[in-house]
Amino acid sequence: MNMLCDRLRMAKERIAEAESRHGRPAGTVTLLAVSKTRPADDIRMALDCGQRAFGENYVQELAAKAIELEDLGVEWHFIGPLQSNKTRTVATIADWVHALDRIKIAERLSAQRPAHLSPLNVCIQINVSGEDTKSGTCPEKAPALAEAIASLPGLRLRGLMAIPAPGNDFDEQRRPFAALRTVFEDLRARGHALDTLSMGMSDDLEAAIAEGSTMVRIGTAIFGERVVRGEG
Ligand SMILES: *Cc1c(COP(=O)(O)O)cnc(C)c1O
C-alpha cells in the first residue's frame with residue numbers, strides 16, 4: 001500500500017459521504033483523478049490502488065504519459081482547453097474530452113477519431129460564472145452546439161462540464177453548479193441522452209454532488225499541491 005492509496009480512499013469517502021448526505025444513490029459519482037503535472041510514476045501508483053480514470057490538461061503531457069503507460073488500461077480524460085492544431089493527438093489517445101466549447105474543435109476531433117476506436121466521449125464546457133470569458137460556451141448557445149455535436153459520428157455527447165470561479169461558502173459554491181444542472185436538464189428535455197455532469201474539484205466536490213454531479217475531477221486532494229507550470 002502506498003500513500004496515494006490512502007488519499008484516494010479519503011477522496012472516495014468524501015464522495016460517498018456527500019452522496020449519502022444529499023440523497024444521491026451510492027456509487028453514482030465517479031472519481032476522475034487529475035494527474036496534470038504529476039509524473040507517470042504517480043499514475044502507476046494510483047493504478048495499483050485501483051484507480052483507472054485520469055485527467056490531463058496539456059496535450060504534450062498527455063501524449064508522453066500515454067506512451068509511458070501504454071497497455072496499463074488507463075482511461076484518459078483530456079480536461080484542458082484544446083487548440084485546433086492539437087486535436088489529432090487528443091482524438092487518437094483520449095477516451096473523453098471535457099472542455100469542448102467550439103464546433104470547429106468538435107468537427108476536427110470527430111474527423112480525426114481513428115475508425116477502430118469507439119466514438120470519443122465529450123462534454124460541452126459551459127461558462128456558468130459569466131466571469132472567466134476565455135473558456136466555455138454561454139448557456140444560451142448550448143442547445144445549438146449540442147445539436148451540432150450530436151450529429152458528428154466520431155463523437156458521443158455525454159454531458160456538460162464547468163469550472164466555476166471559487167466560491168467562499170457552500171451556498172455560493174452550489175449556485176453555478178445549479179446553473180449547470182439547469183442547462184443539463186434543458187438539453188435532456190430537448191432529447192439529448194446525456195448522463196454526465198462533470199463538476200466539482202478538490203475544494204467544492206460536496207457542493208457539486210449536492211447539485212447532481214456525476215463525475216468529480218480531483219487533483220490536489222489526491223496528489224498534493226501542484227507546482228505551477230504552463231504548457232510545455
Ligand atoms: C486542475 C483541474 C482540476 C483539479 O483541481 P484540484 O483543485 O487540484 O482538485 C479539475 N478540473 C480541471 C479542468 C482542472 O484543470
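Here we summarise the structure given alongside this text. (Residues numbered from 1 in each chain as written. Predicted model: local features only at pLDDT ≥ 70, side-chain atom pairs only at ≥ 80, totals over all residues. Heavy atoms only, no water.)

**Concerning the site of the ligand**
Next, step 1: Not every one of the 13 residues close to the ligand is listed here, only the nearest: Lys-36, Asn-57, Ser-202, Gly-219 and Thr-220.
Next, step 2: At 2.6 Å from an oxygen atom of the ligand is found a side-chain nitrogen or oxygen belonging to Lys-36.
Next, step 3: Separating an oxygen atom of the ligand from a side-chain N or O atom of Asn-57 is a distance of 2.8 Å.
Next, step 4: When the free accessible area of the ligand is taken as 390 Å², the share hidden by the protein chains comes to 91%. (Near = heavy atom within 4 Å. Polar contact = N/O pair within 3.5 Å; in protein donor to acceptor, adjacent residues only side chain to side chain. Areas by Shrake-Rupley, 256 points an atom, 1.4 Å probe, with all protein chains shown as cover.)

**Looking at helix H7 (residues 170-189)**
Next, step 1: Its 20 residues give H7 an end-to-end C-alpha distance of 28 Å, which sits within 8% of 28 Å, the value for a rise of 1.5 Å per residue.
Next, step 2: Buried residues of H7: Gln-173, Pro-176, Phe-177, Leu-180, Val-183, Phe-184 and Leu-187, and no others.
Next, step 3: Summarising the contacts, the buried residues of H7 are in contact with helix H6 (142-150), strand S6 (155-161), strand S7 (196-198) and helix H8 (205-210).
Next, step 4: The backbone nitrogen of Asp-171 has a side-chain oxygen 3.2 Å away, supplied by the residue at the start of H7, namely Asp-169.
Next, step 5: Immediately downstream of H7, the backbone of Gly-191 shows phi near 105 degrees, a positive value. (Helix = DSSP H or I, 4+ residues; strand = E, 2+ residues; numbered from the N terminus. Expected span 1.5 Å × (residues − 1). Buried < 20%, exposed > 50% of the residue type's maximum accessible area, 1.4 Å probe, protein only. Contact = heavy atoms within 4.5 Å.)

**Description of the environment of Val-183**
Next, step 1: With respect to the helices and strands, Val-183 occurs in helix H7.
Next, step 2: Taking the relative accessible area as the measure of exposure, Val-183 reaches 9% and is therefore buried.
Next, step 3: C-alpha of Val-183 to C-alpha of Pro-143: the two residues are 40 residues apart in sequence and 8.7 Å apart in space.
Next, step 4: Sequence-distant contacts of Val-183, defined by excluding residues within four places in its chain, comprise Ile-126, Pro-139, Ala-142 and Leu-160.

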